[in-house]
Amino acid sequence: MRRCIITGLILSLLLTGCALPGKEKQQYQATYLDIFDTVTSITARCDSEEDFWQQAGEIHDLLLRYHQLFDIYNVYEGLNNLKTVNDNAGVAPVAVDGEIIQLLKDCRDYYELTDHSVNVAMGRVLELWHEARSAGLDDPEHAALPEAAALKEAAAHSDWSAVEIDEEAGTVYLADPELRLDVGAVAKGWSAQRAAEEAPEGFLISVGGNVCATGPKDDSGTPWVVGITDPDGGSGYLHTLYDSDRAIVTSGDYQRYYVVDGVTYHHIIDPETLYPARRFCSVTVICQDSGLADALSTALFVLPREEGETLAQSCGAEAMWMDTEGNRFYTSGFSNWICG
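Residues numbered from 1 in each chain as written. Predicted model: local features only at pLDDT ≥ 70, side-chain atom pairs only at ≥ 80, totals over all residues. Heavy atoms only, no water.

### Let's talk about the overall build of the protein
Operational definition: Secondary structure elements follow DSSP: runs of H or I no shorter than four residues count as helices, runs of E no shorter than two count as strands, and numbering proceeds from the N terminus. For a compact globule the rule gives 2.2 Å times the number of residues to the power 0.38, and the radius of gyration it is set against comes from C-alpha atoms. Residue exposure (1.4 Å probe, protein chains only): buried if accessible area is under 20% of the type maximum, exposed if over 50%, otherwise partly exposed. For every accessible area listed, the method is Shrake-Rupley and the probe measures 1.4 Å; residues are considered covered only by the protein chains on display. Under the counting rule used here, the positive set is Lys and Arg, the negative set is Asp and Glu, and His together with the chain ends is not counted. Charged groups are reduced to one reference atom each: NZ for lysine, CZ for arginine, CG for aspartic acid, CD for glutamic acid.
A tally of regular secondary structure across the protein gives eight helices and 16 strands. Scaling as 2.2 N^0.38, a compact globule of 340 residues should have a C-alpha radius of gyration of about 20 Å, and the protein matches this with 20 Å. Summarising its shape, the C-alpha atoms of the protein cover approximately 65 × 50 × 45 Å along the three principal directions. Within the span of the protein, comprising 340 residues, buried residues form 53% of the whole. Accessible area for the protein stands at about 15,500 Å²; split by element, carbon and sulfur atoms hold 47% of it. Positive and negative charge centroids in the protein, built from 22 and 54 side chains respectively, lie 3 Å apart.

### Description of the pattern of salt bridges
Our working definition: What makes a salt bridge here is a side-chain nitrogen of Lys or Arg within 4 Å of a carboxyl oxygen of Asp or Glu, nothing more.
With the rule as written, the count across this model stands at 10 salt bridges. Among the ionic pairs, Asp218 bridges to Arg45, the shortest N-O distance being 3.3 Å. Linking Asp218 in the loop between strand 8 (210-213) and strand 9 (224-229) with Arg45 in strand 3 (residues 38-46), this pair joins segments that are 173 residues apart in sequence. Summarising the burial analysis for this pair, Asp218 and Arg45 share the class buried. The partner of Arg65 in a salt bridge is Asp97, with the nearest N and O atoms 2.5 Å apart. In this pair, Arg65 sits in helix 1 (residues 49-69) while Asp97 sits in the loop between strand 4 (94-95) and helix 3 (98-113), placing the two residues 32 residues apart along the sequence. Overlapping salt bridges, with partners in common, bring together Arg65, Asp97 and Glu99 in one network.

### A look at unusual backbone geometry
Glycine aside, residues mostly have negative phi angles, and peptide bonds mostly take the trans form. The backbone of Asp37 shows a phi angle near 55°, a positive value even though the residue is not glycine. Turning to its location among the elements, Asp37 is positioned in the loop between strand 2 (26-35) and strand 3. Its identity is not glycine, yet His116 carries a phi of approximately 70°, on the positive side. With respect to the helices and strands, the residue His116 is situated in the loop between helix 3 and helix 4 (123-138). Residue His116 is classed as partly exposed on the basis of its relative accessible area of 36%.

### Some points on the packing of aromatic side chains
The criterion, for reference: Two aromatic rings from Phe, Tyr or Trp, using only the six-membered ring of Trp, form a pair when their centres are within 6.5 Å; if the ring planes differ by under 30 degrees the pair is stacked, by over 60 it is edge-to-face, and anything between is tilted. By the criterion adopted, a ring carries a charge over it if an Arg CZ or a Lys NZ lies within 6 Å of its centre and within 35 degrees of its normal.
Enumeration over the complete set of coordinates arrives at 10 aromatic pairs. When the ring of Tyr330 is compared with that of Phe334, the centres are 5.6 Å apart and the planes differ by 45°; the resulting orientation is tilted. One aromatic cluster in this structure is built from Trp129, Tyr258, Tyr265 and Tyr275. A cation over an aromatic ring shows up here: Arg278 above the ring of Tyr265, its NZ or CZ 5.1 Å from the ring centre.

### Brief notes about a negative patch on the surface
Here is the rule we go by: The patches described consist of residues with a relative accessible area above 30% and no salt bridge, like charges being joined within 9 Å and nonpolar side chains (Val, Leu, Ile, Met, Phe, Trp, Tyr) within 5 Å.
A surface patch of negative charge is lined by Asp109, Glu112, Asp115, Glu272, Glu306 and Glu307. Elements with a minimum of two residues in the negative patch: helix 3 and helix 8 (305-314). Residue placement: Glu112 occurs in helix 3.

### Here we look at the pairing of strand 9
Keep this limit in mind: Whether two strands pair comes down to DSSP finding at least two bridges between them.
Within strand 9, five of the six residues are buried, which leaves it mostly tucked inside the rest of the structure. Direction of pairing for strand 9 relative to strand 10 (residues 237-243): antiparallel, over a ladder of six bridges. Looking across to strand 10, one finds that Ile228 is bridged to His239.

### Quick notes on the nonpolar core
Threshold: To define a nonpolar core, start from buried Ala, Val, Leu, Ile, Met, Phe, Trp, Tyr and Cys residues and group those joined through side-chain atoms within 4.5 Å. Every residue pair with non-hydrogen atoms within 4.5 Å of one another is taken to be in contact.
Core analysis: the largest hydrophobic core is formed by 76 residues, its most contacted members being Phe52, Phe70, Leu82, Leu181, Val183, Val186 and Leu300. The element contributing the most residues to this core is helix 7 (residues 290-302), with eight residues. Among all residues touching Phe70, those that are not within four sequence positions of it are Phe36, Leu82, Glu99, Ile100, Leu103, Val183, Ala187, Trp190 and Ser191.

What follows is the structure in structure tokens.
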């Protein structure tokens, strides 16, 4: 069953902008809790709530399809998803939908683009951290890190050459029986981008910090206003940004984490160290494509800032970093998007 919350006319700034003129279209927002294990919101101005609900429902259903296709934990009747691919590692190629093939091709491109700092073939490593985090959250007094030897062994099974994509046959095969895929670093942004391409003009789609605008919020060209969460948990934002036709993606150390011996360990793992990246606590990327922005926000979180800045500029993206001391750094064009 679809889990959602519908709100009517939005009168506050929160991710939506300022109050609306009197008699024109009203602004509505739908919030869903059943996609990618995060909060998804869809906002738009429509002639009626009925029109909005129909259009938002179509966007939701497309995102839910992607959620099921890219799920590595759950089985869905009549559907071969990434769990099916993982379960057949070293056994047989799996016939999959074209969306899975396209996502994996894009992930392979992101792997090369980011100098291997975004590697969705590193699922075994991420699985160890996921298990340790879940156990630590369930029993904080006995929270523990994954064994270093186990991480090293898992990392030995993360070679992209073992991911065999056969576009003609429509199959994916993991030639290494121990390799596992985990597309969590890319899937939300990639899916948000595809949903935005199918959505009517003037929608704002947010999938767990991956925000896409399909045009300005009204016929007069008023941009949306998107807030960047303060990783320190403050009630305000680091910045609010204008957005009419861009993707804005933030990666942070404050979203999924647990504590071991007083030290916090978050979910963004550095492929070089096999431990959570420690340079930054928040990275925000602005660019044309949300899938690329999602990959870049992860890469820039892991890479030294100078390398990340060069990468962002090579992709036509703007970025903001906040380090663990609270210092902020920006690409040269980022300020053009800041409100005020």
